[in-house]
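Structural overview
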Amino acid sequence: MDDLITEKILNQLNQCILEGNEIGAVETSKKLVDNNIDLQYAIDTICNKCMKLLGRLYEEREIFIPELLLSAHAANSAINFLREHHKQYVSQRHSKIVVGVVSGDFHDIGKNIVKMMLELSGYDVHDIGTNNSAEDFLRKAEEVDANIVGVSALMTTSMDNMIDVVNIFLEKRNKTNVIIGGAPVTQEFADEIGAHGYAEDASKAVDLVEHMENKEDRYYSKRKVKYSSYERVMKTLEHDTPDMVPTAPPFQGYWALNEAHVSVPTSINHPILAAKKQFKISNKCGFDMFEACWDWLAAVDVIGGHVRVERKGNPVTMEPLVKDQGDIDSLWDYDLMSNKRLRASILTAKKMMELNKGENFLYATLAMPFTLAAEIRGTQNLLMDIFCNRPLVFELLDFCTDFKIECSKIMIEEGIDSIMYCDPVASGDLISPEVYEEFALPSSKELMRKHDKEMVCSGIHICGNILDRIELLNELSTDIVSIDSHVNLSDARKILNDDIILMGNVCTMEILYASHSNVVRQQARSNIKQMGLENYILASGCDIAVDTPIQNVRTLTSTPKEFLK
Ligand code: B12
């Protein structure tokens, strides 16, 4: 067939496509078939030349979405017709691409255009529609063995969900390139979250994919997750360099129960259910280490105190159990294992350890003797006793220390990885460093001395600004010190012994609870940059508050991936 005739018919076809004339495009395609024109050449010409021209016209605002859509439909019909008559047609493209819109977002016009342009350029595209979780993208990519995933978002609120998509591929399917786009997305954002590519419109998306296909290696992520969560934490505890900074809540129990719609009373009555739900949420959030035993006030219940259990959030001790020094003797009659709450909390921890299969690093939260003493005596009473009734305080602390040693032994016997001792009443906002040194420190020391360090590691969390007493914590020979947002990380680092791991300290209320996830990310990044990879665990400054958005928690746990070695 004469080259001139071929070019003439192809030009006609191009014209029909540019005009969005679907009927004309199909009729002209028939002419190509009737004239025995090389259909492979014809399809490739439409895919390459015509689509590029359309893209350029759209970019230069010479045509808009409706014209683009009409042209794309015309091209699609022509190509489908030609392919039917040329069964042996082989696309020159190799990439398999999954495209979709992230969760929370139903805007799909942009994604549809990207999909059409890619298809018309000869790619094998699989569209998963709108409102897709990271798992949805992964599932489809695995099903079709995609090497590129295109993620679209049109709202600033849904943009952050792209982070989950990037991270899930990083962890579970590192050979797939994740490219992102949509009006609020920028190259800077793509770089920040570790996406492999970004394009501002559909024709640039085609260029990007072409480029990736040609230079595959360059785009494959160099970042690799090397360790499981448990191994990552162990690397940190051994003062070795992990692949990335591990993350911890440090206390997520009540928040996660609430997220799972399990009330606190239900969690006590149904420990196995509590374990399953707690594990699901805490694991899904991506923490490397988390609480498997969070009912730190079960201890007060064991010795007969009245702890009010709210539907959500931390329980509260209602009435002081020790009204005067004479009441202390009767405390010793406790029977640890006959207490329903304590048994429930142990059962929960055991079930969580079983579900965990050694993947994450699990710990139990127990109160330090000083805080337990305050719960038993009433915090205000104890704080006054320190000055007015010192013998009562010492006698009570003796009991609390012995009792806590027993509690700690039980958890260690059950096989927990670590114990996190919390001491909120020793807060820098409640007592002076002198009072801490004289009353809280000796009982903590005694407890830590009895804690079997060979078997299980330990952490300490004291709320508030404790910079003026943090040096004393060096005497406790603990593995981890968890600090809250009132203490500057670098200041704490300078004072603490080198062999202590620092954990903290993203502000729980202003940032995690009340800010946008971008603020959480900024804070998490700043902490990692300040502390580096070693001897540091990124965490919230204290309990994750009930109703903290799960997206913020996920942002906290996913930020270290940006710094993967
Ligand atoms: C059309 C539209 C709608 C339609 C959506 C119809 C549909 N099926 O998509 C309807 C009316 C349903 C709608 C609903 C809503 N909308 Co609306 N919507 C728009 C509007 C006007 C146009 C968006 C659009 O289609 N643009 C054209 C396409 C072609 O551009 P594009 O998506 O950016 O895609 C191009 C590139 O970005 C790139 N690209 C896109 N995806 C990808 C993917 C990859 C991998 C790559 C490489 C490239 C790439 O290539 C594309 C083609 O060149 C914008 C305003 C605006 N001016 O943008 C608001 C807008 C996006 N909507 C908005 C909002 C708030 C909403 C609603 C919440 C409104 C409400 N109060 O109910 C709901 C959201 C519902 C939900 N949860 O998703 C806001 C978002 C604000 C923000 N920054 O977060 C906007 C910006 C309006 C505004 N100024 O307030 N909306």
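Residues take numbers from 1 onward in each chain, read along the sequence in its written order. Side-chain atom pairs in this predicted model are given and counted only at pLDDT of 80 or more, local residue features only at pLDDT of at least 70, and totals for whole chains, interfaces and linings cover all residues.

1. Considering the overall build of the protein chain
Test applied: Every helix listed is a DSSP run of H or I at least four residues long, and every strand listed is a run of E at least two residues long, numbered separately from the N terminus. Based on C-alpha atoms, the radius of gyration is set beside the globule rule, defined as 2.2 Å times the residue count to the power 0.38. Here the C-beta atoms are placed from the backbone, and a residue counts as buried if at least 20 other C-beta atoms lie within 10 Å of its own, exposed if 12 or fewer do, and partly exposed otherwise.
For the protein chain, the helix and strand inventory stands at 26 helices and 15 strands. Relative to the 2.2 N^0.38 estimate, which gives 24 Å for 565 residues, the radius of gyration of the protein chain is 31 Å and therefore markedly larger than a compact globule would have. Dimensions along the principal axes, computed over C-alpha positions, put the protein chain at roughly 110 × 45 × 35 Å. For the protein chain, buried positions account for 49% of its 565 residues.

2. Focus on the sheet that holds strand 6 (residues 247-248)
For clarity, the threshold we go by: Being paired, for any two strands, means DSSP has found at least two bridges between them. C-beta atoms are first placed from the backbone for all residues, and any pair lying within 7 Å is then listed as a contact. Helix axes use the C-alpha atoms of the stretch in contact, all axes being lines fitted to C-alpha atoms, and the angles between their N-to-C directions lie in the range 0 to 180 degrees.
Taken together, the 8 strands give an open sheet; going across it, the order is 6-15-14-13-12-11-10-7, and neighbouring strands pair in parallel fashion. A single partner strand is all that each edge strand has here, and the edge strands are strand 6 and strand 7 (289-293). Here 5 bridges tie strand 11 (residues 418-422) to strand 12 (residues 457-461), and the two strands are oriented parallel to one another. Each bridged residue has a counterpart across the sheet, and for serine 418 the counterpart in strand 12 is cysteine 457. Strand contacts of helix 25 (residues 517-531): strand 14 (501-506) and strand 15 (536-540), with the helix running at about 155° to strand 14, the strand carrying the most contacts.

3. Digging into the site of the ligand
Rules: A molecule or strand has a residue near it when that residue's C-beta atom, placed from backbone coordinates, lies within 6 Å of it.
The ligand sits among 28 residues. The nearest are Gly110, Gly150, Ser152, Gly181 and Asp201. Secondary-structure elements contributing two or more residues to the shell around the ligand are helix 5 (109-120), strand 3 (148-152), helix 7 (156-159), strand 4 (177-181) and helix 10 (202-214). Among the elements that line the shell around the ligand, the one with the most residues is helix 5, at 5 residues.

4. Here we look at the packing of helix 19 (residues 369-377) against helix 21 (residues 390-413)
Two quantities define a packed helix pair, namely the angle between the helix axes and the distance between the axes. Heads up, the condition is: In this scheme, a crossing is called left-handed if the near helix is turned counterclockwise away from the far one by less than a right angle; it is called right-handed if the turn is clockwise. As a working rule, the residues Ala, Val, Leu, Ile, Met, Phe, Trp, Tyr, Cys and Pro are called nonpolar, Asp, Glu, Lys and Arg charged, and the rest polar, with Gly in that last group.
Where helix 19 meets helix 21, the axes come as close as 9 Å, and the angle between the chain directions of the two elements is 120°. At the point where helix 19 passes helix 21, the crossing takes the right-handed sense. Where helix 19 approaches helix 21, its residues Pro369, Phe370, Leu372, Ala373, Ile376 and Arg377 are matched on the opposing element by Leu396, Leu397, Cys400, Thr401 and Lys404. Its residues placed into classes, the contact of helix 19 with helix 21 shows 8 nonpolar, 1 polar and 2 charged.

5. Observations concerning the domain arrangement of the protein chain
Many analyses report the size of an interface as the accessible area lost when the parts associate. Note the following rule: Delimitation of the domains relies on an automatic or database domain assignment.
According to the domain assignment, the protein chain contains domain 1 (3-84), domain 2 (96-219) and domain 3 (247-563). The gap between the C-alpha centroids of domain 2 and domain 3 is 41 Å. Across the contact, 6 residues belong to domain 2 and 7 residues belong to domain 3. Taken together, the residues of the side of domain 2 that touches domain 3 sort by class into 2 nonpolar, 2 polar and 2 charged.

6. As for the sheet that holds strand 5 (residues 197-198)
A sheet is described by the order of its strands in space; here 5 strands give the open sequence 2-1-3-4-5, paired in parallel fashion. Of all strands in the sheet, those with a lone pairing partner are strand 2 (124-127) and strand 5, marking the two edges. Across the sheet, helix 5 lies against strand 1 (96-101), strand 2, strand 3 and strand 4, angled at about 165° from strand 1, the strand it touches most.

7. Overview of the environment of methionine 337
Summarising the element assignment, methionine 337 is placed in the loop between helix 17 (328-331) and helix 18 (340-356). Taking C-alpha positions, methionine 337 is 9.6 Å from isoleucine 410, a pair spaced 73 residues apart along the chain.

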